[in-house]
Amino acid sequence: MPQGSSIRAIWILNGLDAVAFSRRFPVVEKRWRGACQTEKESSTDTDTVYPLLPSDSELAAAFVDRKSREGSIRGCGIRVSQSAKGSDSWVDDPITRHIIGVYISEEEGGDGNNDVNNLLWPLVLHTKGHFCILVLPLVEPRHVKAFARLCYRSDCGNVVGVEDSISSILLDLPSITGAFMAAQTIGDIITGEVVEPEVVVNASPSVGGLLDSLTGSIGISSISSRAKPVVAPVASSSPASSAVTGTVTSDANKTGSRPLDKDVLRTFISSSMPFGTLLDLNFPNIISIKANGFSSSDLPPSDLKQPAWKPYLYKGRQRILFSIHETVHAAMYDRDEIPDSISISGQVNCRAELEGLPDVSFPLIGLNSDKIEVLSFHPCAQVPEQGVDKQAVMFSPPLGNFALMRYQAVCGVGPPIKGFYQLSMVSEDKGDFLFKLRLLDGYKSPLTMEFCTVTMPFPRRRVVSFDGTPSVGIVSTTEHSVEWKIIVGGRGLSGKSIEATFPGKVQFAPWKPQMSPPSLAFGSISDEDCDFETDGNNNSMVNIEEFLMEKMTKDLHPADLEEPFCWHAYNYANVSFKIVGASLSGMSIDQKSVSIYPAVKAPVESSTQVTSGEYILWNTLGRCPFSVAATKV
């Protein structure tokens, strides 16, 4: 079969595990059955694949059976003592929590040729609100057979690059990516969270140079309103609510805020994936087409072909807006035996308010392959092979806001916040802590940190009081956390590095043990599990901290597989911050080098902002999770 992104069927299950909506694509299903027949005629083995699509009731029953077998909706993702051969967890790979397989009972469905249950795989599972979205992409029968073999092999684990591994199977299936995108968009439509990529620009027109750097520090506004078709009134370039300088607003279009609307879903599916082939998953574009239709005055020149991502031609004041958004994820350990981990995920958002169907080109700085690990572009872009630091990007811009490029990168200078966090329990209900951090070490202007907050969460302990004074910032407490605001809004840090320390004590309410039944995966913690050291005279010379930690944790609920580190949540501090002015990966856009063909006079504006994702400071004195780098054999 030809490679591509085609969908065989879509199911949406509600909180009662009943199918609330389903859609099948006969054209794609005909291709699947043809491939099954060809595989059956050419193959010498006796293994067969399930050639039919199950009914809604059969699918729901199979999904409930899998949930019961795996222990939860997503399952373990790893092989445990309760895992059975043929199950997803037997494959022993976390990806099986997101790409699952179900067995359709022969009695309820199937062709009657097999005396065992039939495997339906790969089903992309996406949960949103109270709904479970299942998307079945088109793959080849040999891929289903390969996965079925993994479900019965005796060894466990997954080695990248090995022929018989789930990684090698998935790398050969581009339709999996399309299925994930479709499932995520459908989930956003169901819950009403369809939001266009945010484009943050200066509130006043850009003229470049010093004036831009000055006005950029005064105020910004978020641009989210969509361009209207020519038959309707032209939308203002900035919403009225964002006209005041110095404010940050967002009127992002949250279409589909109603409950499950089957008509909206049918419209989206019919337009975005006609006959099961993915074309355009831009939901606002599809709804705009349905609401406004087309006009004879909204036609492109006869010598140009209008792309699917631009259903309408823009009319109005012309300009181009670029916005680089980066999110920093980090795990800081401050230990010699465990290296710190830091990664950057970013995207270049764009809004090109240009009349007609022009091409835009510009040199993108920061594409050095040593820093950029993963890179993908919008279908409208044309990019040469990656390799040099500065490359030309040309694209025919869609309508409204869109993500021109997404990437994963390494941090060139180092973590924007580094240091250590220590928490030592001196008694069962009292702990001493110490923070010693350094902000923006090695960074210079125009990079500015607008705010920075450190939070110590104690989800299973109630904070009674705390004592301590930080060297900078203010401190506040809630019932289950201590929050340290190092930099507050309006007092940004720019062009220099500062050191912040915070020693203190925290007092908790008396501990109340909560006994729980044995966990499916981990079992219960009993007194026999305690193993304290004693000296030769049999005196109770134990490590007091280990004793207290063991005493406090042995009666906790065992770790939930959905949150494997929940029971040790007091062993870390979370950092949140926002940086503007420059990216941490080195990605940047030269506004003066942006060119438009056919030539038109249009101002170009750009901005950059960096926010924290999961930025964790692990307790240096406590236990912590970490990954071990794979070694090459």
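Before reading on, note that the structure itself is shown above.
The paragraphs below set out a description of the structure included in this document. (Residues numbered from 1 in each chain as written. Predicted model: local features only at pLDDT ≥ 70, side-chain atom pairs only at ≥ 80, totals over all residues. Heavy atoms only, no water.)

Overview of helix α2 (residues 56-70)
The first and last C-alpha atoms of α2 sit 21 Å apart over 15 residues, in line with the 21 Å expected at 1.5 Å per residue. All of the buried residues in α2 are Glu58, Leu59, Ala60, Ala62, Phe63, Arg66 and Glu70. Of the surrounding elements, those touching the buried residues of α2 are β1 (7-13), β2 (19-24), β3 (99-104), β4 (118-128) and β5 (131-137). Backbone geometry just downstream of α2 places Gly71 in the positive-phi region, at approximately 100°. (Helix = DSSP H or I, 4+ residues; strand = E, 2+ residues; numbered from the N terminus. Expected span 1.5 Å × (residues − 1). Buried < 20%, exposed > 50% of the residue type's maximum accessible area, 1.4 Å probe, protein only. Contact = heavy atoms within 4.5 Å.)

Quick notes on the packing of aromatic side chains
A complete count under the given rule lists 13 aromatic pairs for this structure. Centroid distance Tyr421 to Phe435: 4.6 Å. Interplanar angle 15°. Geometry classified as stacked. On the criterion of sequence distance, the pair formed by Tyr421 in strand β15 (residues 417-427) and Phe435 in strand β16 (residues 430-439) is long-range, its members being 14 residues apart. Grouping residues by exposure puts Tyr421 and Phe435 together as buried. Judged by centre distance (6.4 Å) and plane angle (15°), the rings of Phe435 and Phe502 are stacked. (Phe/Tyr/Trp six-rings, centres within 6.5 Å; stacked < 30°, edge-to-face > 60°.)

Looking at the sheet that holds β15
By definition, the strands of a sheet pair up through backbone hydrogen bonds, in either a parallel or an antiparallel sense. Pairing within the open sheet is antiparallel, and its four strands lie in the order β15-β16-β22-β18. Each edge of the open sheet is held by one strand with a lone partner, namely β15 and β18 (463-468). This sheet shows a mean twist of 20° between the axes of neighbouring strands, independent of strand direction. With ten bridges joining them, β15 and β16 adopt antiparallel strand pairing. When the bridges of β16 are listed, Ser424 appears paired with Asp432. (Pairing = 2+ DSSP bridges. Axes fitted to C-alpha atoms, helices over the stretch in contact; angles between N-to-C directions.)

Here we look at the sheet that holds β3
Within the open sheet, the five strands sit side by side as β2-β1-β5-β4-β3. Their pairing is antiparallel. The two strands at the open ends of the sheet, each matched to only one other strand, are β2 and β3. On average, each strand axis in the sheet is inclined to that of its neighbour by 25°, with strand direction left out of account. Examined bridge by bridge, β1 and β5 share six bridges and lie antiparallel to one another. Directly across from Leu13, in β5, lies its bridge partner Cys132.

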